[in-house]
Structure formats: C-alpha cells, structure tokens
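# Commentary on secondary and tertiary structure
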Amino acid sequence: MKNILQEYIRTTPLEKLDAGSVAYIANLQKIAEVAPQIAKAIIQELKDQRSNLKLIASENYSSLSVQLSMGNLLTDKYSEGYAHHRFYPGCSNVDEIEDLACAEAVKLFGCDHAYVQPHSGADANLIAFWSILRTKIQVPLLDKVGEKDLLKLKKEDWDQLRINLGNQKLLAMDLFSGGHLTHGYRHNVSAQMFDAYHYGVNESTGLIDYEELHHLLKTIKPLIFLAGYSAYTRKIDFELLRQFADEVNAVLMVDMAHFAGLVAGKVFEGKFNPIPYAHIVTSTTHKTLRGPRGGLILCKGEFAESVDKGCPMVMGGPLPHVMAAKAIAFIEANNEDFKLYAHKIVANSNALAQACQMNGMKLISGGTDNHLLLIDVRPYGLTGRQAEGALRECGITLNRNTIPNDTNGPWYTSGLRLGTPAVTTLGMESEQMIEIANFVKEILENTKPDIVKKGKDAGELSKALHVTDDAVKEKVQSGIKRLLH
C-alpha cells in the first residue's frame, strides 16, 4: 500500500474531508508506516461498513471525536485505583479525565454515583456482582468479627467468608428469553459464582409475566434480582420490580447495556427508567449510547465505595484513553439532538417491525417497544445461522439469536435479531425501514438450506450452505447501495 491517503480518499468524498477526517487520514498514514496490513484492514472495514447495511442491535457508529480521543499517549499511563486514590504516581491528568467522565455520567443519567473504568459490559457486571457481595456479605461479616482488614482475618473467619460469598442466589432472565450470557448462563463464570435461577417469558405472548415472576422471586429469595436484557423487545416496569425486590430484601440490579441510549435520550422515562429504582445499574457505552466500546456502572450511594474498588477487586489497570472517549460520548448524549435521535431509533424500530409483519414474518412478542426486534425464521425452513449467512451475502449484517423455547440451541438458533441504532445514526427513517423489511423478506423467501448428508458431517447444520437466488441478491445489493449513498 503505497499511499494510504489516496486509498482513504477513494472511500471518502472530498467535500466530506473535514478536520476530523484529515486527522483520521494522518493517523492511518502513520499506522501504514509500521504495519500497512493493519491500515489496509481498517480501510477495508470502512469500505465494508459503507457497503453493508448494519442492523446488529448492539452496534452503532461513534463520532470521530470519540474515536480519535482513544488514539493518544493516555494509553501509556497506569492508573490503578480511582480518581485521587491511585496505586501509581503521576495520575493528575487521568484524575481530571475520570472526574469529568463520572460527572458527565451522573449529569446525563441523574444517578448518585458513576464508575467509568469497566472495559466492557461483562466487566461491569462482574464488578457489580462483587460490589453487591462486598456490601451485603463481606462488610457485615467483618463487622461481626470486629476486623476491617481481610489480611488479618483468622483462617476460620476467612473460610466462612469464602463460603458465604460463594453460596448466594441470583435470579435473572434466561438466555433464551432475551437475557445475557453474564446473567447466570452455565457456560459463563456468573453461573459458577452464584446459585443461579432464571425467569422466562410467557410462551404465547413472548412477554414477561410479572405475576409469575413475583411468585418465583418470593420462592427463591435471591440476594440479587437482575433485570435487563440483550434480546427482549419490550419495556420493563422497574418500579414494580423494585417493589418485588424490596419484599424479599433483594438487591435490584439492572443491566441496561442495550437501552442506555434510550434512557439518556429520555425515551424510557418514569417507571421504565431503571435509574430511580435499581440499587445498581450496569451498561456498555456503545450500542444505543453511541460511545466507545466499554462499560459503565451507576449506583446508589450505598454501593459507591464497593464499586470504586473495582480495582483490585476484579479489574487491573483502567484505560485512560477510553475513559476520555466515554466523557466525550456522555457530553454528546446530553443535548436535544441526541434526544431526537433516541426517539427516532424507537420510531424506526416500530416501522421496521410493522413492515416485517406486513410481509408475513413472525415477530417474537408481536412487535417492539425499543431498538430491536426478533424474527422467528423457522417458517422459512431455516436456522438462524443459515438466515444470518444468507442476509450477509446480500449485504445485510445482523446476527442470529435464540428465541423463547429455541429447539436449535444457542449456536444455530431459530431467530434473527434486528436493531435500528446504526441505520438511525445514518439518517434513515420509516420509509427506509419499509424497504429494509422488503429486502429481508425477499432474501428469506429465496434461500434454501442445503444440508450435507454424507460422511461424518451428515445432517450437520453448521455445514448448511446459503443458496440465494442471484437475481434477488443483485436486486437487494443494488437497493442497499442506494440507501447507503
């Protein structure tokens, strides 16, 4: 690659080369001097994103300000601990950045306390779990034995503490109903940390049955009652869930990674906003919030001290450059333009859901209240994996997803998850959602699975080929190119 600048310009109209683009180009040129293959892959990703329709519900497009704030010398600085309480010297600049990011998060969400260090939503959940365990289990035991220092605990007291920490109950939404891997799924460490129980959705409606959930909660009496989702299409009544939690003295934890932008943008208000009701809230900072890839914890004052001990409790060194990007994203989200954007995400999601239903597709829960929808692809004779591949061949990028009572399991799945955050960032509206639904219908109707029937892979769904009609493929690809340009 002789000239990264020329290669980038070929993908970027000259009239769009603002100051941010020029900085981006300079960045790529510098990368190419050391590793041209890396610069080439970055440019290819740009081309791919400009030629494929991004409908992955957990992805978005962050601003150039967010992206560029991550590529600087802040990455060279260790800053374990938290602002003004570090294990390394020379952190005054990082302190300023972390203070700003926390303050902006508190202002944006209206919470008591914010912790911006988690590297991901999974990290945020682990820190939240251990913060609850520390506050509710560890501190009371230390008070009981009259010792504040873990290192000075007698062996028998330490052993008892470990037993108590490892035998607490967690109740969360199951993976097939829309929960996340970190919500007690057996292949995730969360299920090995806790005695994990799960609630699902009503088989016929696809909705949470609050009466049944209330009964389950009273029966199990968990330490942690976890709400939130990665693939549930409706609002949740957090006021009611807090009432349920208080009845059994459970900590209400909410994972709002998927809908944080809808909370920040004042789409989810009143009882549908978890901040006033949850003891502790975790999130990512990308997805609907449109920031850098990373995690976030918001909590009541009761848990602030424990949350701030994320390092050394769970994490190592935080990433100052990413905390800077988070601060920028929070500032970007705290204005009227972002509120309009957040409302448009949901309007587009509803338009897409209605158009899919008009095209005869089966939607889990019959529609959506948020940024995503789930399609059952079994009526087309396909698995989610086959449908995902066929759509990608035609230029639509989305992911397969489990649906309630999924007989195909979490790898092949029976569903597709469609999300509107990214296409809304691109400025698309209801009219384009109708076109997208039409594209999805044509692809699914013209895709036939070809399952290998010989040898050791006989009947293996992972070997299924995506055979899509060429005329349909060309038609969809042409339509997507028009939408993206």
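These figures come from a predicted structure and were not determined experimentally. (Residues numbered from 1 in each chain as written. Predicted model: local features only at pLDDT ≥ 70, side-chain atom pairs only at ≥ 80, totals over all residues. Heavy atoms only, no water.)

Taking 1.5 Å of rise per residue, the 16 residues of helix α19 (residues 430-445) would be expected to cover 22 Å, and the 23 Å separating its terminal C-alpha atoms lies within 8% of that figure. The complete set of buried residues in α19 reads Q432, M433, E435, I436, A437, F439, V440, I443 and L444. (Helix = DSSP H or I, 4+ residues; strand = E, 2+ residues; numbered from the N terminus. Expected span 1.5 Å × (residues − 1). Buried < 20%, exposed > 50% of the residue type's maximum accessible area, 1.4 Å probe, protein only.)

Here we take up a nonpolar patch on the surface. Taken together, Y78, F87 and Y88 make up a surface patch of nonpolar side chains, about 360 Å² in accessible area. Residue position: Y88 is located in the loop between β3 (85-86) and α5 (92-109). (Patch = residues over 30% accessible without salt bridge, like charges linked within 9 Å, V, L, I, M, F, W, Y side chains within 5 Å. Areas by Shrake-Rupley, 256 points an atom, 1.4 Å probe, with all protein chains shown as cover. Salt bridge = Lys/Arg side-chain N within 4 Å of Asp/Glu carboxyl O.)

What follows deals with the packing of α19 against helix α20 (residues 470-484). The interhelical angle for the contact between α19 and α20, taken along N-to-C directions, is 160°, at an axis separation of 10 Å. When the axis of α19 is compared with that of α20, the two are roughly antiparallel. Both α19 and α20 take part in a crossing whose hand is left-handed. In this structure, α19 contributes Q432, E435, I436, F439, E442 and I443 to the contact, and α20 contributes V472, K475, V476, G479, I480, R482 and L483. Classifying every residue of the contact of α19 with α20 by side-chain character gives seven nonpolar, two polar and four charged. (Axes fitted to C-alpha atoms, helices over the stretch in contact; angles between N-to-C directions. Parallel < 35°, antiparallel > 145°, perpendicular 65-115°, else oblique. Left-handed = near helix turned anticlockwise from the far one by under 90°. Contact = heavy atoms within 4.5 Å. Nonpolar A, V, L, I, M, F, W, Y, C, P; charged D, E, K, R; others polar.)

Looking now at the environment of K300. Checked against the element boundaries, K300 lands in the loop between β10 (295-299) and α12 (304-307). In the structure, K300 is positioned 20 residues away from I280 in sequence and 6.4 Å away in space, judged by C-alpha atoms. In this structure, K300 is in contact with D112, I275, P276, Y277, A278 and H279, ignoring residues within four places of it in sequence. A polar contact of 3.1 Å, which involves the side chain of K300, links it to the backbone oxygen of P276. (Polar contact = N/O pair within 3.5 Å; in protein donor to acceptor, adjacent residues only side chain to side chain.)

Turning next to the confidence of the model for the protein chain. Per-residue confidence for the protein chain averages 93 on the pLDDT scale, and 93% of its residues sit at or above 70. In the model, residues 452-464 has pLDDT below 50 throughout and makes 21 contacts with residues more than four positions away in sequence or in other chains. (pLDDT = per-residue confidence, 0-100.)

Moving on, we get to the pattern of salt bridges. Within this structure, the stated rule accounts for 21 salt bridges. The salt bridge partner of K107 is E104, with a shortest N-O separation of 3.5 Å. You can see K107 and its partner E104 sitting in helix α5, three residues apart, about one turn around the helix. A relative accessible area of 54% means that K107 is categorised as exposed.

On to the nonpolar core. Within the largest apolar cluster, 57 residues are counted, with the highest numbers of intra-cluster contacts made by F109, F225, L241, V254, M256, F259 and L298. The element best represented in this core is α5, accounting for seven residues. Sequence-distant contacts of L298, that is, excluding residues within four places in its chain, are made with A105, F109, C111, H113, A114, M256, I275, I280 and V281. Core analysis: the next-biggest nonpolar cluster, separate from the first, contains 36 residues, L53, L352, L363 and M428 among them. (Core = buried A, V, L, I, M, F, W, Y, C linked by side-chain atoms within 4.5 Å.)

Helix α3 (residues 36-51) packs onto helix α2 (residues 19-34) with a crossing angle of 140° between their chain directions and a minimal axis gap of 6 Å. Between α2 and α3, the crossing angle belongs to the class labelled oblique. Here α2 contributes L28, I31, A32 and V34 to the contact with α3, which in turn contributes P36, I38, A39, I42 and I43.

Moving on to unusual backbone geometry. Across the junction of C311 and P312, the peptide omega takes the value 20°, indicating a cis bond. One can find P312 in helix α13 (residues 310-313). With a phi close to 65°, R290 is a non-glycine residue in the positive phi region. You will see that T413, though not glycine, has its phi angle at about 65°, which is positive. Inspection of the secondary structure assignment puts T413 in the loop between α17 (409-412) and β15 (415-419).

When you line up the elements, T282 lands in strand β9 (residues 280-284). Exposure remark for T282: the relative accessible area of 1% places this residue in the buried category. There is a polar contact of 2.6 Å between the side chain of T282 and the side chain of N125. Beyond its immediate stretch of four places on either side in the chain, T282 contacts A124, N125, A128, M253, V254, D255, M256, A257, L296 and I297.

Strand order in this open sheet of four strands is β11-β12-β15-β14, and the pairing throughout is antiparallel. The sheet is open, and its two edges are formed by β11 (362-363) and β14 (399-401), each paired on a single side. Where helix α15 (residues 336-358) meets the sheet, it contacts β11, β12 (372-376) and β15, and its direction lies at approximately 15° from that of β12. (Pairing = 2+ DSSP bridges.)

It is worth spelling out the packing of aromatic side chains at this point. A complete count under the given rule lists eight aromatic pairs for this structure. Aromatic pair Y199 and F225: ring centres 6.2 Å apart, planes at 70°, arrangement edge-to-face. With Y199 in strand β6 (residues 195-199) and F225 in strand β7 (residues 224-228), this pair connects stretches of sequence that are 26 residues apart. Relative accessible area serves as the criterion here: at 5%, Y199 is assigned to the buried category. (Phe/Tyr/Trp six-rings, centres within 6.5 Å; stacked < 30°, edge-to-face > 60°.)

On to the pairing of β7. Here β7 lies mainly inside the structure; five of its five residues are buried. Burial along β7 is two-sided: I224, L226 and G228 and F225 and A227, pointing in opposite directions, are all buried. Sheet analysis places strand β5 (residues 169-173) next to β7, joined by two bridges and oriented parallel. By the bridge assignment, L171 is partnered in β7 with F225. Where β7 lies against strand β8 (residues 251-255), five bridges are found, and the strand directions are parallel.

Before going further, it helps to spend a moment on the side chain of K287. For K287, the location among the structural elements is in the loop between β9 and β10. Buried charge without a partner: K287 forms no salt bridge, and the closest opposite charge is D255, 7.0 Å away. Side chain to side chain, K287 and T284 meet in a polar contact 3.2 Å long. Once residues lying within four places of it in the same chain are set aside, the contact partners of K287 are S58, N60, A257 and H258. (Lys, Arg positive; Asp, Glu negative; His and termini not counted.)

Mapped onto the elements, Q432 comes out in helix α19. Within the local environment of Q432, its side chain forms a polar contact with the backbone nitrogen of E429, the two atoms lying 2.8 Å apart.

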